[in-house]
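Notes for the structure review
Each chain, written out:
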Amino acid sequence: MIKFELKDLEVFYGDFQALKGIDMKIPANEITAFIGPSGCGKTTFLKCLNRMNDLVEGCRVYGQVTLDGEDIYNDYDVNLLRKRVGMVFQKPLPFKMSIYDNIAFGPRTHGIRSKSALDEIVEQSLTQATLWDEVKDRLNMDALSFSGGQQQRICIARALAVRPEVLLMDEPTSALDPISTGKIEEVVMELKKKYSIVIVTHNMQQAVRISDKTAFFLLGEVIEFGDTEKLFSVPKDKRTEEYITGRFG
Amino acid sequence: MKSKSIKEKVMHIVFLAAAMVCIMAVVLICVFLLANGVPAMGKIGVFNFLLGKTWRPGQDIYGILPMILGSIYVTAGAIIIGVPIGIMTAVFMARYCPKKIYAPLKGAIDLLAGIPSVVYGFFGLVIIVPFVRDTFGGSGNSILTACVLLGFMILPTIIGVCESSLRAVPEEYYQNALALGATHERSIFKVVLPTAKSGVLTGVVLGIGRAIGETMAVIMIAGNQARMPKGLLKGVRTLTANIVMEMGYAADLHREALIATGVVLFVFILLINLCLAAIKKGVEQ
């Protein structure tokens with residue numbers, strides 16, 4: 001099943017063309033990884049999927065992006081889009097409030113007021129982020145007093161609490177130690193049963209470990225896109241091969 | 001090398017002297033206030049002085065409760081009027097304002113901060129007093145008038161501090177909130193503004209300090225009757241007004257009682273500074 005379908009996607013920042021005509025179909029309930037050297041357009045591409053690029057001054061997006069067949073750039077409620085397509089950022093950034101209020105922020109935003117419903121969502125989301133047992137007695141503590149890895153899982157739980165269909169992750173482990181990274185990877189693997197996940201990563205082993213499909217970006221173009229296993233074992237394009245064997249990048 | 005080290009020593013002493021001037025000023029003011037004010041409180045009786053409801057220097061009755069309440073009421077009113085407008089303006093300037101409007105708006109607010117208080121007083125006398133008289137009745141010289149005018153006067157302080165603390169909030173907070181599907185407004189008021197909370201509080205407390213210490217503008221519009229405040233539309237005398245109105249002709253115990261009024265004002269300002277220190281400490285933790 002296809003979740004996102006992109007046709008001839010072009011993105012400009014002022015005069016600079018960041019993405020050059022990309023066609024891609026992102027599958028549902030799988031993990032799609034984006035790899036490629038810095039500045040190749042991975043994050044730009046990711047931000048097109050929940051329209052965070054709207055915030056960038058001078059950014060123009062051409063082409064078509066559809067979510068379940070609906071064009072998200074044409075008369076589509078951007079807040080609803082971001083409810084359906086959650087995002088986890090590179091830098092863990094819990095809001096300056098308790099863990100509980102952090103997780104409940106999203107559901108409250110979307111009109112859930114009842115205490116029991118919120119309690120349930122908070123527990124469920126924290127459990128999904130494998131954090132519940134660690135923090136269940138400390139839900140009223142300031143979220144900023146936890147470790148970086150825990151903060152990132154708080155952010156994942158916060159994104160899940162909105163009950164999205166897609167989860168975009170922009171290098172979610174690049175600021176974390178190996179143990180925290182391992183935990184986040186476990187969380188992500190578990191989540192793909194229910195969510196479609198798109199993850200940008202600089203860590204190729206990570207892409208191999210967790211993703212089903214991989215896209216290799218270079219200078220605003222997708223050089224190769226396919227099953228992770230195939231892409232890493234028998235790459236079709238010479239540039240992909242050079243990149244994954246570490247000859248440049 | 002040697003000449004340089006002498007030069008450094010000299011400069012060291014110069015800087016130290018400059019710093020001492022500042023400290024000396026504070027110490028001298030404290031000593032003067034306490035030496036002249038506290039004995040008067042003793043003579044009148046601390047209880048009679050602070051809680052006495054009547055101020056009649058002619059009969060040697062010195063109770064400043066009316067003025068304490070007057071200052072508190074007027075300041076509270078100024079806060080009620082000035083804080084919401086100030087915070088909203090700061091939010092507008094930091095997060096909504098189009099670039100074209102920003103420069104003139106910022107300029108206007110800076111100008112507002114620089115206007116002498118006697119000019120504010122004139123504005124109040126000519127515009128707000130008649131407005132209050134015609135709209136709500138009474139003479140127009142009233143608590144309400146003073147609240148409105150002081151509310152205006154504390155705006156630049158509150159806006160300035162709030163705006164810079166809002167700008168200091170990392171943009172990622174806003175983006176994280178938006179990415180959860182929150183609107184622009186919700187992201188700003190529920191995430192960005194609470195993150196800047198300590199800065200906003202600092203602005204409010206500085207505004208309180210400004211309002212409670214304001215003298216000239218208040219005298220011109222508040223009525224200045226030395227009696228217990230009777231209502232929003234009735235006149236009121238603040239602590240500062242009490243000192244300025246009578247200092248010119250007061251002598252002996254009367255004069256000392258006015259200085260003691262200054263002591264009370266000083267204590268208020270001290271409390272406000274303690275609040276500020278507590279807020280800053282809270283931020284560091």
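Residues numbered from 1 in each chain as written. Chains lettered and ligands numbered in written order. Predicted model: local features only at pLDDT ≥ 70, side-chain atom pairs only at ≥ 80, totals over all residues. Heavy atoms only, no water.

Quick look at the interface of chain A and chain B
How we decide: Here, two residues are considered to be in contact whenever any of their heavy atoms come within 4.5 Å of each other. Buried area is understood as the total, over both parts, of accessible area removed when two parts are fitted together, assessed with a 1.4 Å probe. Basic side-chain nitrogens of Lys or Arg form a salt bridge, by our definition, when they fall within 4 Å of a carboxyl oxygen of Asp or Glu. For helices the rule is a DSSP run of H or I covering at least 4 residues; for strands it is a run of E covering at least 2, with both sets numbered from the N terminus onward. In this classification, the charged set is Asp, Glu, Lys and Arg, the nonpolar set is Ala, Val, Leu, Ile, Met, Phe, Trp, Tyr, Cys and Pro, and all remaining amino acids, among them Gly, are polar.
Each partner contributes to the interface: chain A provides 25 residues, whereas chain B provides 17 residues. Both sides together, the interface formed by chain A and chain B hides about 1800 Å², and carbon and sulfur atoms give 63% of it. Here Glu57(A) ties to Lys99(B) by a salt bridge, and the two come within 3.8 Å at their closest N and O atoms. Elements with a contribution of two residues or more to the side of chain A that touches chain B: α2 (78-84), β6 (85-88), α3 (99-109) and α6 (148-160) of chain A. Looking at the side of chain A that touches chain B residue by residue, the classes come out as 13 nonpolar, five polar and seven charged.

As for the nonpolar core
Residues and elements named next belong to chain A. Where we set the bar: In this text, buried Ala, Val, Leu, Ile, Met, Phe, Trp, Tyr and Cys residues form a nonpolar core when linked through side-chain atoms within 4.5 Å. Whether a residue is buried, partly exposed or exposed follows from its accessible area with a 1.4 Å probe, protein chains only, as a fraction of its type maximum: under 20%, in between, or over 50%, in that order.
Counting residues in each nonpolar core, the largest one holds 79 residues, and the members touching the most others are Phe4 and Phe45. Apart from residues lying up to four places away in sequence, Phe45 is in contact with Leu6, Leu9, Leu19, Ile22, Met24, Ile26, Phe34 and Phe217. Ranked by size, the runner-up nonpolar core spans 44 residues in total, among them Ile103, Ala161, Ile184 and Ile223.

Brief notes about helix α7 (residues 155-167) of chain B
Residue and element names in this part refer to chain B. Keep this limit in mind: Expected span of a helix, by definition, is 1.5 Å for each gap between consecutive residues, and there is one gap fewer than residues.
Between its first and last C-alpha atoms α7 spans 18 Å; for 13 residues at 1.5 Å apiece the expected length is 18 Å, and the two agree. All buried positions along α7 are accounted for by Leu155, Pro156, Ile158, Ile159, Cys162, Glu163, Ser165 and Leu166. Contacts made by the buried residues of α7 are with α3 (65-96), α4 (99-114), α6 (143-153), α9 (184-195) and α10 (197-213).

Concerning the sheet that holds strand β5 (residues 70-71) of chain A
All names here are of chain A. The cut-off we apply is this: Following DSSP output, two strands are said to pair if at least two bridges run between them.
In space, the four strands of this open sheet follow the order β2-β1-β4-β5, with antiparallel pairing throughout. Only two strands of the sheet have a single neighbouring strand rather than two, namely β2 (16-27) and β5. Examined bridge by bridge, strand β1 (residues 2-13) and strand β4 (residues 59-67) share eight bridges and lie antiparallel to one another. Paired with Val11 across the bridge in β4 is Val61.

Some thoughts on the domain arrangement of chain B
A common way to state how big an interface is: give the accessible area lost once the parts meet. Residue and element names in this part refer to chain B. Here is the rule: An automatic or database domain assignment supplies the residue ranges for each domain.
Under the domain assignment used here, chain B contains domain 1 (2-51) and domain 2 (65-284). Distance from the C-alpha centre of domain 1 to the C-alpha centre of domain 2: 28 Å. Of the residues lining the interface, 13 residues belong to domain 1; the matching set on domain 2 comes to twelve residues. Contact with domain 2 buries surface across domain 1, with Leu33, Phe49 and Leu50 losing the most and accounting together for 37% of the total. Residue Lys43 pairs with Glu256 through a salt bridge whose shortest N-O separation is 3.1 Å. In terms of residue count, the dominant contributor to the side of domain 1 that touches domain 2 is helix α1 (residues 2-44) (ten residues). Split by residue class, the side of domain 1 that touches domain 2 holds ten nonpolar, two polar and one charged.

Brief notes about the sheet that holds strand β9 (residues 213-218) of chain A
Residue and element names in this part refer to chain A. The test is simple: Between the N-to-C directions of two axes lies an angle of 0 to 180 degrees, each axis being a line fitted to C-alpha atoms and, for a helix, fitted only over the stretch in contact.
On the basis of which strands lie adjacent, the open sheet formed by six strands has the order β6-β7-β8-β3-β9-β10 and mixed pairing. Both outer strands of the open sheet, β6 and β10 (221-227), are each paired with one neighbouring strand and no more. Sheet twist, expressed as the mean angle between neighbouring strand axes with direction ignored, is 15 degrees. Summarising the sheet, β9 and β10 pair through six bridges and their orientation is antiparallel. Its bridge partner being in β10, Phe216 is matched across the sheet by Glu224.

Focus on the pairing of β1(A)
Residues and elements named next belong to chain A. Inspection of the sheet shows β1 paired to β2 by nine bridges, in the antiparallel sense. What sits directly across from Ile2, in β2, is Pro27. Between β1 and β2, which follow one another and run antiparallel, lie two residues, and Gly14 among them has a positive phi close to 60 degrees.

What to know about the packing of aromatic side chains
The geometry of an aromatic ring pair comes down to the distance between the two centres and the angle between the two planes. Short version of the rule: Here the aromatic set is Phe, Tyr and Trp, taking the six-membered ring for Trp, and pairing holds for ring centres within 6.5 Å; pairs whose planes are under 30 degrees apart are stacked, those over 60 apart are edge-to-face, and all others are tilted. Only lysine NZ and arginine CZ atoms are considered, and such an atom sits over a ring when it is within 6 Å of the ring centre and within 35 degrees of the ring normal.
One pass over the full model with this rule turns up eight aromatic pairs over all chains. Both rings, one in Phe12(A) and one in Tyr62(A), keep their centres 5.7 Å apart while their planes meet at 80 degrees; by these two values the pair is edge-to-face. Residue Phe12(A) is located in strand β1, and its partner Tyr62(A) is located in strand β4; the two are separated by 50 residues in the primary sequence. With relative accessibility at 17%, the residue Phe12(A) sits in the buried group. By relative accessible area, Tyr62(A) is classed as partly exposed at 39%. The interplanar angle of 70 degrees and the centroid separation of 5.4 Å between the aromatic rings of Trp55(B) and Tyr62(B) together place this pair among those described as edge-to-face. Exposure remark for Tyr62(B): the relative accessible area of 4% places this residue in the buried category. Grouped by ring-pair contacts, the aromatic residues Phe34(A), Phe45(A) and Phe217(A) constitute a single cluster. Against the face of Phe95(A) rests Arg158(A), its NZ or CZ located 4.1 Å from the ring centre. If you follow Arg186(B) out to its NZ or CZ, it ends over the ring of Phe105(A), 4.8 Å from the centre.

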